[in-house]
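# Residue-level structural notes
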Amino acid sequence: MLSVYVDLALGLVVSFLLLSLLVSGVNEAFVRVLSIRSKFLWAYLRDTMDGADDKSGSWLPAKVRDVFTALPFLRDPRPRHSDLPAPAEAGGVPEERTGDSMIKLLYERVREIDHAKRGRTSIANIPPGRFAVAVMELAAGEDGDVERFLAKLKAIDSPLYGPLKGAWETAQRDLDRFRQGIETWFDGEMQRLSMLYKRYVKWVVAVLGLLVTLLFTMDGLEYAKTLLRDNAFRASVTAVAEAGPDAYNELKARCTGEEPMRCVTETLSQPALVRMLDQALVSVSIPEQGDPSVHWNGALWWDRISTPSHWPGFLLTYVALLFGAPFWWDVFRRITGIKGRR
């Protein structure tokens, strides 16, 4: 009886792990195709260096809706890509505010690490040390006069003036300490930006988790009942589940010397596990012999979606996916005893 419940737990964990990996993969594809990380960085830099847009306001998304609409599709804060190397001398800060003057000057200093993506910069990360050097290069463009550099920032109403002024005063007008102060400040800002990004990504993952649950009509309660009642199906899902102290030795032996998570996922993603997704809007049948076939299950899918008795199971699956693939991978390792690389 204990083995049955261990197999049940393993079967549920594997299903939630695979669906969570699907959600993570779709989210990563969405982020990469739309260059969300790069846009987040340059939206912050525009707000910090040139200030909010006079007509549209802040470049960083202020609402969850903006994460799905404005940032990916409507407003691209990234500078246009340039194949030219950085100029030998940094350009001077303009006398009047033009809306993107500072961001252009910064991009000139860091574009040697850039490559184009649909005509825009693809830079998604600027190390704090590199940013501090870039600011020092901009200050050197004013003949090394930091006071004049700060005065120009104040004249064009750049939000960068406040942090740099504080760092300059704290450094007691020592250039090396000033650079270190800029680096420390920017590092803190990048950590704060990363937290903001993760907060918005959680909403994206929540939406994707709901779509995956409904697309595959994965009823967690129904699936658990199937595992309990169908001994053959449960055995095929758990793959190597056996009673006794040598359980899972075959799985562990197979994954020795490989990246464990990838190996285990590929090992357990066998035709038996495909059965748990055969209620999806589009399902795949993998026979023992012959080629896989694709089936359209529109009528069956709608019948499951419109049946209230399935909703508690859908809710269970949806909540499980919100925990994310790392959580279910950790649970899976604890059940099987497989250890990751050190």
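Computed from a prediction, not measured in an experiment: that's the story for all the values here.

## Considerations on the overall build of the chain
Along its length, the chain carries 17 helices and four strands. For the chain, buried positions account for 43% of its 342 residues. The contacts of the chain with a sequence gap of at least 6 include a subset with a gap of at least 24, amounting to 70%. Accessible area of the chain: about 18,500 Å², with a carbon and sulfur share of 57%.

## Overview of a nonpolar patch on the surface
On the surface, Leu315, Val319, Phe323 and Phe327 cluster together to form a nonpolar patch covering roughly 370 Å² of accessible area. Leu315 sits in the exposed class, given a relative accessible area of 53%.

## Here we look at the packing of aromatic side chains
Between two aromatic rings, the relevant description is the distance of the centres plus the angle of the planes. This structure, assessed with the given rule, holds 13 aromatic pairs. Geometrically, the ring pair formed by Phe40 and Tyr200 is tilted, given 6.0 Å between the ring centres and 55° between the ring planes. A residue pair is termed long-range when its members are at least 10 positions apart, and Phe40 in helix α2 (residues 36-49) and Tyr200 in helix α9 (residues 175-216) qualify at 160 residues. Each of the two residues, Phe40 as well as Tyr200, counts as buried. Taking the centre distance of 4.9 Å and the plane angle of 80° together, the rings of Phe327 and Trp328 count as edge-to-face. When its relative accessible area of 36% is taken as the criterion, Phe327 is described as partly exposed. One aromatic cluster is present, built from ring pairs that chain together Phe16, Phe323, Phe327 and Trp328. Note that Arg46 overlies the ring of Trp59, its terminal NZ or CZ placed 4.9 Å from the centroid.

## So, the nonpolar core
Formed by 74 residues in total, the largest nonpolar core has its most connected members in Phe40, Trp42, Leu45, Phe131 and Phe149. Element by element, the count of residues in this core is highest for α9, at 13 residues. Contacts of Phe40, omitting those with residues within four sequence positions, involve Leu60, Pro61, Leu71, Leu193, Leu196, Tyr197 and Tyr200.

## Some details on the pattern of salt bridges
With the rule as written, the count across this model stands at 15 salt bridges. A salt bridge links Arg32 to Glu28; its shortest N-O distance comes to 3.0 Å. With Arg32 and Glu28 both in helix α1 (residues 2-33) and four residues apart, this pair spans about one turn of that helix. Given the relative accessible area of 54%, Arg32 is considered exposed.

## Some thoughts on helix α10 (residues 220-229)
Among the residues of α10, Gly220, Tyr223, Ala224 and Leu227 are the ones counted as buried. Buried residues along α10 cover an arc of 100° about the axis, so they all sit on one side. With a side-chain oxygen lying 3.0 Å from the backbone nitrogen of Leu221, the N-terminal cap of α10 falls on Asp219.

## Observations concerning the side chain of Asp114
Among the secondary structure elements, Asp114 is positioned in the loop between α5 (101-110) and β1 (116-117). One buried charged side chain, Asp114, makes no salt bridge at all; its nearest oppositely charged neighbour is Arg111, positioned 7.9 Å away. A distance of 2.9 Å separates a polar atom in the side chain of Asp114 from a polar atom in the side chain of His81. A distance of 3.0 Å separates a polar side-chain atom of Asp114 from the backbone nitrogen of Ser122.

## Some points on the side chain of Ser35
For Ser35, the position within the fold is in the loop between α1 and α2. Residue Ser35 is classed as buried on the basis of its relative accessible area, which comes to 6%. Residues within four places of Ser35 in sequence aside, it is in contact with Arg78, Lys117 and Arg118.

## What about the packing of helix α6 (residues 128-140) against α9?
Two numbers describe a pair of packed helices, the interaxial angle and the distance between the axes. Put simply, α6 and α9 touch, their axes get as near as 8 Å, and they point 130° apart. The orientation of α6 relative to α9 falls into the category oblique. Considering only the axes of α6 and α9, their crossing is right-handed. On α9, the residues touching Pro128, Gly129, Phe131, Ala132, Val135 and Met136 of α6 are Leu175, Phe178, Arg179, Ile182, Glu183, Trp185, Phe186 and Asp187. Of the residues in the contact of α6 with α9, the class split is ten nonpolar, one polar and three charged.

## Some details on the confidence of the model for the chain
Low-pLDDT stretches of the model should not have their predicted coordinates read in fine detail. Summary statistics for the chain give a mean pLDDT of 80 and a share of 80% for residues scoring 70 or more. When pLDDT is averaged over each element of the chain, helix α8 (residues 161-170) comes out on top at 93 and helix α14 (residues 271-274) at the bottom at 50. This model gives residues 268-272 a pLDDT under 50, and the stretch forms eleven contacts once residues within four places in sequence are excluded.

## Section: the environment of Leu138
Relative to the helices and strands, Leu138 is located in helix α6. According to the relative accessible area criterion, Leu138 is buried, its value standing at 2%. C-alpha of Leu138 to C-alpha of Arg109: the two residues are 29 residues apart in sequence and 8.5 Å apart in space. In contact with Leu138, not counting residues within four places along its chain, are Ala90, Gly91, Met102, Leu105, Arg109 and Phe149.

The rules behind each value
Residues numbered from 1 in each chain as written. Predicted model: local features only at pLDDT ≥ 70, side-chain atom pairs only at ≥ 80, totals over all residues. Heavy atoms only, no water. Helix = DSSP H or I, 4+ residues; strand = E, 2+ residues; numbered from the N terminus. Buried < 20%, exposed > 50% of the residue type's maximum accessible area, 1.4 Å probe, protein only. Contact = heavy atoms within 4.5 Å. Areas by Shrake-Rupley, 256 points an atom, 1.4 Å probe, with all protein chains shown as cover. Patch = residues over 30% accessible without salt bridge, like charges linked within 9 Å, V, L, I, M, F, W, Y side chains within 5 Å. Salt bridge = Lys/Arg side-chain N within 4 Å of Asp/Glu carboxyl O. Phe/Tyr/Trp six-rings, centres within 6.5 Å; stacked < 30°, edge-to-face > 60°. Lys NZ or Arg CZ within 6 Å of the ring centre and 35° of its normal. Core = buried A, V, L, I, M, F, W, Y, C linked by side-chain atoms within 4.5 Å. Arc of directions from axis to C-beta. Polar contact = N/O pair within 3.5 Å; in protein donor to acceptor, adjacent residues only side chain to side chain. Lys, Arg positive; Asp, Glu negative; His and termini not counted. Axes fitted to C-alpha atoms, helices over the stretch in contact; angles between N-to-C directions. Parallel < 35°, antiparallel > 145°, perpendicular 65-115°, else oblique. Left-handed = near helix turned anticlockwise from the far one by under 90°. Nonpolar A, V, L, I, M, F, W, Y, C, P; charged D, E, K, R; others polar. pLDDT = per-residue confidence, 0-100.

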